[in-house]
Each structure stands twice: as C-alpha cells, then as structure tokens.
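These are the residues of each chain, in order.
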Amino acid sequence: MRRRQLAATAAAVLGLVTGLVTAIPANGAPPQFEHLKPGAQPELAERVPLNVVLLGYKPGSVDLAALNGALPVNHKPKQITRLLAGIDETIGLDYTYDYRIRYADQSYQNRFFQQLAGFARPVEVNSVQARYNAQQNNKLDVTANHEIDAPTVEKWLAFNPPSGVDTRENTIYLINWYDRPDFKFHVYTKTDEPDPDTGQNWGKYASRGLVAWGGTTAADEESGLGATRRVWFHDLSAGPDQFSGSWNVDNPDLDGDNKPDYRIPPAWEYAADGYRNPGDLTADLGRLLRTVVVHSLVTASPTYPVELTIAKAATVNLDSNTYEGWAGSDKYLKPELVTAELGEVLPGIDLSFDQQNLPYDGEAKRCVEDWLRDVSCYPETNLPPFANMFLQNKRELDRVLDDQGKVDYELPIFNYAMTQENLPWLGYAGDNWSDGSPGYVYNWLSPQYVGWGYGFTSTMIHEVGHHIGLSHPHDGYDSITDKFFEPTGPYYFAWLGDESNSVMNYLQINTDFGQFDQDNLAKFRAAALIEAANALAADVLASPNADRAYADLIRADKLIGQVKARLAGHEYDVTRELANQAYAAVVEGARKAGIDVQKFEAGQMAEARAARAAHPTEPVAPRPVTPRKG
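Being a predicted model, the structure only gives us computed values, none of them experimental.

Participant: Just to check I follow, could you spell out the overall build of the protein chain for this structure?
Facilitator: A count of helical and extended segments in the protein chain gives 16 helices and 16 strands. Taken against the 2.2 N^0.38 rule, which gives 25 Å for 630 residues, the C-alpha radius of gyration of the protein chain at 25 Å falls within 12% of a compact globule. C-alpha atoms of the protein chain, sized along the principal axes, occupy 80 × 60 × 45 Å. Accessible surface, the protein chain: about 23700 Å² in total, of which carbon and sulfur atoms supply 49%. For the protein chain, the separation between the mean place of its 56 positive charges and that of its 83 negative charges on side chains is 4 Å.

Participant: Any chance you could explain the pattern of salt bridges here in plain terms?
Facilitator: Pairing is possible between side chains that carry opposite charge, provided their charged atoms lie close to one another. Tallied over the entire structure, the rule returns 25 salt bridges. For Glu46, the salt bridge is made with Lys523, and the minimal N-O distance between the two is 3.2 Å. Residue Glu46 is located in strand S1 (residues 44–55), and its partner Lys523 is located in helix H13 (residues 515–541); the two are separated by 477 residues in the primary sequence. We classify Lys523 as buried; its relative accessible area is 3%. Here Lys334 and Asp197 are joined by a salt bridge, their closest N and O atoms 3.5 Å apart. Remark: Asp197 occurs in the loop between strand S7 (187–189) and strand S8 (212–214) and Lys334 occurs in the loop between strand S10 (315–324) and helix H8 (335–345); sequence separation between them is 137 residues. Salt bridges sharing partners connect three or more residues here, namely Glu363, Arg366, Asp370 and Arg373.

Participant: Could you clarify how one ought to interpret the packing of helix H14 (residues 550–568) against helix H15 (residues 572–592) in this entry?
Facilitator: Packed helices, taken two at a time, are described by the angle between their axes plus the distance between the axes. The interhelical angle for the contact between H14 and H15, taken along N-to-C directions, is 170 degrees, at an axis separation of 8 Å. The angle between the axes of H14 and H15 places the two elements in the roughly antiparallel class. Where H14 approaches H15, its residues Asp552, Leu553, Arg555, Ala556, Leu559, Ile560, Gln562, Val563, Arg566 and Leu567 are matched on the opposing element by Tyr572, Val574, Thr575, Leu578, Ala579, Gln581, Ala582, Ala585, Val586, Glu588, Gly589 and Lys592. Classifying every residue of the contact of H14 with H15 gives 13 nonpolar, four polar and five charged.

Participant: Can you walk me through the sheet that holds S10 in this structure?
Facilitator: For sheets, the rule is that strands pair by backbone hydrogen bonds, running either parallel or antiparallel. Strand order in the open sheet formed by five strands is S11-S10-S12-S14-S13, and the pairing between neighbours is mixed. Of all strands in the sheet, those bounded by a partner on one side alone are strand S11 (350–359) and strand S13 (427–431). On average, each strand axis in the sheet is inclined to that of its neighbour by 20 degrees, with strand direction left out of account. As judged from the five bridges shared by strand S12 (residues 409–417) and strand S14 (residues 438–445), these two strands associate in the parallel manner. Paired with Ala417 across the bridge in S14 is Leu445. Docked against the sheet, H8 engages S10 and S11, running at close to 145 degrees with respect to S11.

Participant: Quick question: what am I supposed to make of the packing of aromatic side chains here?
Facilitator: When we look at a pair of aromatic rings, we describe it by the centre distance and by the angle of the planes. According to the stated counting rule, one finds 36 aromatic pairs in the structure shown. Considering the side-chain rings of Tyr323 and Tyr416, the 5.0 Å spacing of their centres and the 25 degrees angle between planes classify their relative orientation as stacked. In this pair, Tyr323 is assigned in strand S10 and Tyr416 in strand S12, connecting sequence segments 93 residues apart. Residue Tyr416 is classed as buried on the basis of its relative accessible area of 0%. A ring pair is formed by Phe414 and Tyr442, whose centres lie 6.4 Å apart and whose planes are at 25 degrees; its orientation type is stacked. Note that Phe414 is positioned in strand S12 and Tyr442 in strand S14, a separation of 28 residues in sequence. Tyr442 carries the same exposure label as Phe414, and that label is buried. Through successive ring pairs, a cluster of aromatic residues spans Tyr323, Trp371, Phe386, Phe390, Phe414, Tyr416, Trp425, Tyr428, Tyr440, Tyr442 and Trp444. In this structure, Arg276 is placed above the aromatic ring of Tyr262, and the distance from its NZ or CZ to the ring centre is 4.1 Å.

Participant: Looking at this structure, how should I read the pairing of S14?
Facilitator: Across a regular strand the side chains alternate sides, sitting on one face of the sheet and then on the other. Within S14, eight of the eight residues are buried, which leaves it mostly tucked inside the rest of the structure. Note that S13 and S14 share four bridges and pair antiparallel. Counterpart to Gly427 in the pairing with S14 is Asn443.

Participant: Even after reading the chapter, I still don't get the nonpolar core, so can you show me in this structure?
Facilitator: The tendency in soluble globular proteins is for nonpolar side chains to be buried side by side. Counting 179 residues, the largest nonpolar core has Leu55, Phe112, Leu157, Tyr416 and Trp444 as its most contacted members. Among the elements that make up this core, the one with the highest residue count is H13 (15 residues). If we ignore the near neighbours within four places in the chain, the residues touching Leu157 are Leu55, Tyr108, Phe112, Thr167, Tyr173, Ile175, Val231 and Phe233.

Participant: Is there a simple way to think about the environment of Pro490 in this case?
Facilitator: The topology assignment puts Pro490 in the loop between strand S16 (483–485) and H13. Taking the C-alpha atoms as reference, Pro490 lies 7.4 Å from Pro260; in sequence the two are 230 residues apart. Pro490 has contacts with Pro260 and Tyr262, leaving out every residue within four places of it along the chain.

Here is what the cut-offs are and how they apply
- Residues numbered from 1 in each chain as written.
- Predicted model: local features only at pLDDT ≥ 70, side-chain atom pairs only at ≥ 80, totals over all residues.
- Heavy atoms only, no water.
- Helix = DSSP H or I, 4+ residues; strand = E, 2+ residues; numbered from the N terminus.
- Rg over C-alpha atoms; globule rule 2.2 N^0.38 Å.
- Areas by Shrake-Rupley, 256 points an atom, 1.4 Å probe, with all protein chains shown as cover.
- Lys, Arg positive; Asp, Glu negative; His and termini not counted.
- Charge placed at Lys NZ, Arg CZ, Asp CG, Glu CD.
- Salt bridge = Lys/Arg side-chain N within 4 Å of Asp/Glu carboxyl O.
- Buried < 20%, exposed > 50% of the residue type's maximum accessible area, 1.4 Å probe, protein only.
- Axes fitted to C-alpha atoms, helices over the stretch in contact; angles between N-to-C directions.
- Parallel < 35°, antiparallel > 145°, perpendicular 65-115°, else oblique.
- Contact = heavy atoms within 4.5 Å.
- Nonpolar A, V, L, I, M, F, W, Y, C, P; charged D, E, K, R; others polar.
- Pairing = 2+ DSSP bridges.
- Phe/Tyr/Trp six-rings, centres within 6.5 Å; stacked < 30°, edge-to-face > 60°.
- Lys NZ or Arg CZ within 6 Å of the ring centre and 35° of its normal.
- Core = buried A, V, L, I, M, F, W, Y, C linked by side-chain atoms within 4.5 Å.

Functional significance is not addressed by these values, which are geometric in nature.
As structure tokens, this is what we get:
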C-alpha cells in the first residue's frame, strides 16, 4: 500500500514539472529568477486553516471573538536547540492563520453526544479519579465512570463533521458534555498498541487515561483512518487525567520546582466556588489552542536543523550499538519496526539498520557510571557529566561506523543494557557539545525497566524522531512572544499535547508518528532543500561557466514556484518532493558548470558547524525521556 501511495505521489509530481519553460536570455546574461533566491534564506509562506468546533458548551459561555483574539496571527518557527543555546535561527517558513471558530448547531450536538453515549462502557472510578475525589477542594466526586475508546471518537469526528467543516484541514473539537442532561462521567483510552518488546499495555493504566486525542494517520496499523484527516479533540468534561494535572485542585506546585503549575481543570471546576472562575474559561481555551494546538501540534518548530541530518539524504543508515551489560537485551529491540515506523515519516529515504553488541567495560562503563554520580569523566573538557557519553563515543567512533561513503547519512545510536536499578532516563537525543549541532542517540534498558514494561524499540523510535527534527507535543516555540515553552509553571497544561497519536509523546501507548509529525517534517525538509538550492545557486552564478547551468537554474526557479503553490494548498508530501527536485535541478546545473557538489555540501556543513561553534553560549543539556512506572 505504501509503495503504491509513494508511486502515485511521484507520478503526480512528474506531471507538474514536464511542462516547465526553461527559456534562457538571448544576450547570455544571467536569468532573472522569481522564486530561486541565490544565497538567501527560503521564503515559504502558508496560510494555515484551523477549524475550531465547540460541542456542548452553552451559547455565550465562550466568547468567540475573545477566543479568536487570544490566538497568534502569524508564526515563524525557529530551531529549538539553537534557540536554547541563544542562537536565533529561523528556518524559512512563515505561517499566517485562518481561524474558523463556531458553535456546532443543536442538531449536530445531539447527534454527536448520542454517539458518545453509545461508545461509553461502564467501569469503576479509576485511581486517578479517586485521587481527585480525595482532594480537599474538589467541586464534586466522580461517580459512575465510563471508558470511551479515543480512536473510535476521533474517527467518527473525522468523517462526520458539521456541515461546512473540512476535516482534511486542521480541525479541533472542543467538547463539554457536562452541561447536558445526558452527561456521563468518562475517560478516554487507547489500548490497541501494547509495547512491541514486552507486551505491556500501557493504555490500560489509569495514569494513561485521556481527556484529548487525535492526529492519527490514514495508514496507522492499529487505528488508521483510511484517508488523511487532521483532527484533534479536547473534552473538558472528561477525566480528570493524570498527565495534565487536572486531577489535583489542592497543590499549586505539581512538579516540585517551587512554582505554581497552571492546569486546565474539568468542566465542573469552572464555578464560583470551584478551582477556576467561570470567566476564565475563554482564556483557558485560548491557552490550549495557542500553546498545544498551534505551536506544539499543527505548526511546530524543529528540534534540530534537518539540513545537518536527513534533508538531502536519499539513503540513511541507523547504526545501532548496544553496550551489553547483561545478556539477552537483544530481544527487546525490533530493528524492522524501527525502520518501518521511521519510514512512514521519512518518505523518499531508503533506511537501513545495523546492530552490533559491544562489551560494557572500560571507558564506556566508566563514563556512564561517572554520569550517574554526576561526575565528568573528562573534566579537562569543562563539559558537564551529561556530555560523558558523547565524548567517550566520539573518541571511539571508528569502531562502530561502517557505512561511511556507502550512505548519505549515518546516525550513531548507543544503547546501554545495564543491571543498575532506578536509572534516571530511558533515552535522549543529544547535541555534539562542541557547536550545538545534532550528536548521537542514546537509550537505556535494565531488567527493572523490562519488569515495568519497557524495551528499547519505542524509546529508539522516539529519540531518532528528535534527531531528525521532531519535538515533543508538549514543547514548543511562540515567535510572537519569542519564547520557548515546556510543560512546567505557566505552561504545565501543555502536557495535554501528549494526548495525541505520536510516538513523540510520553505516554508509551503507540509507536507511530502522527499526521502532525508527518506534515511538519515534510515542511522542514522542503525548507532545508530550498535553502540548499539557494546556497548552491549562488556558487553556480559566481563560477566562470555559469551560463552552462542557466537552463537548470530556471527549471529550479519554476519548481520552487510549484513548491510555494503546493504548500499554499497544504499538499505537504508533494511540497517536499518538488523541493527535492528543485535542489536536484540546481545540482545538475552545478555539475555542468564544473562545481564539485560533494565538496560544496561538505563546505556548507562545515560552515554551519563553524558558525554555531563560534557562539559563546554553552550547549543546553537535553531533556531526556523519564521512565514512568504504572
């Protein structure tokens, strides 16, 4: 199925480019370009449609004009790891937003809630709801609980929208069942995807109870929609849930950093004697849409610059190496699943996977154990203990890399199978600690972790996702306020972004990349390819044989025009493929002009790294994935 879809996309793109005009100025002067900008940043603009449908909210309870006013007018994503290091680096994407906010009519609402009641299965009050009931300041006690399968609700909303709503566009349903007479206490679940290594079904734990869900792709193996839709829903009347902290209405500080944590409570807590004043409802929904939907899901910012990793690559090798501190850890890693899941978010790239075991001794063991003791194993570098694994593996890199020159990009992955209990992390994707560019990927596993239900596979997919540019759905960047946010303090509620179908969340209930992941990464890759085309075109035009490349540069200019048109039409896979063809056209022209393209690309990489290395700010320690038991 996937090959047929890719073939269809390629055929469609080929149809777009066959009629391109490549007229060259008769006087031999350099051509004038409309879209190719030699030496400049890409200029890719999209007016992003975002439908917001309110279901169950009483008319007037949400001020639609004020809600619209709380949302950003535009947004320019930046490289998050560069931003955290004090480096201001945009990526060439410029978004404006077309919000369409409405109450659904009463007939549609009745139809939806009738469906929701039919999906609901009576169950006991779960342990998270019981903790809410035990709060001193809770408005009421949750009773007569129900579970509702989240993917089923998403699919119904995707293919049964209100009249005039196109769910192929980004569509957000804001649900509040509480004010209706047919209300049932409920929580959403996703239980169809146990851990691939251990069989642990994290979705059955009360800690994974959901109040929101969405972002499932058409081809998701467990709950695929069958056709591309972009739906996410949030139900204010569900839960309370653990991840976003809505169960706790007593303690101001949930994460122990001595700062109050802002959360969005359940619907009934918006009351004169509740956790939140009813007048705060509109503002809270605005926070939810701005922070979680706009800046974490729909138009996210990349973690790392994709131009330094997979942007121009046709072949990528995942070079996995396990320091085997205990025998048998190999059975908790499924390479074929890693490449299959990554392949779905990296169309057009041929992925391969190598695995070897290394002894857990010598410098490898010393540096990890020093890190656990918060000690640098190379103090002469003046780098913190978090750099230990990078420094050790970099010094011994020759013993693991075996595909240099055979593939376009090789990613070193280091897995640590250790016997120590209470390890602090499952994994992280780290910087290289010299210039803040992407480094290596690290994963940990112990018998204790296996007993809890973790393996290597899901963690590896998640961390490689970071390396290729994807961020957590609970982190993001707001270009209007020029702030990076993560789920703590005033942004604690951003944990709600994890309640989406993406392996980049912290819930461990799926191994798939979601629709928003696929959309964002396609755009990141397109922008990086246009940036490379612009840079190479400048070198071509400066060469003495530039005239030999004019026809190819004109073709690239036309293709970039098509890129802009397809991005404006929200056809992201085609946008990426056309950008790839535009870069290929400039490469062809460069070769005709006698430019060593391989040398150019190496020079571009070195120049980018040197520019980052020259920045005086220290690298920022990564935020790794933390294990959560039960």
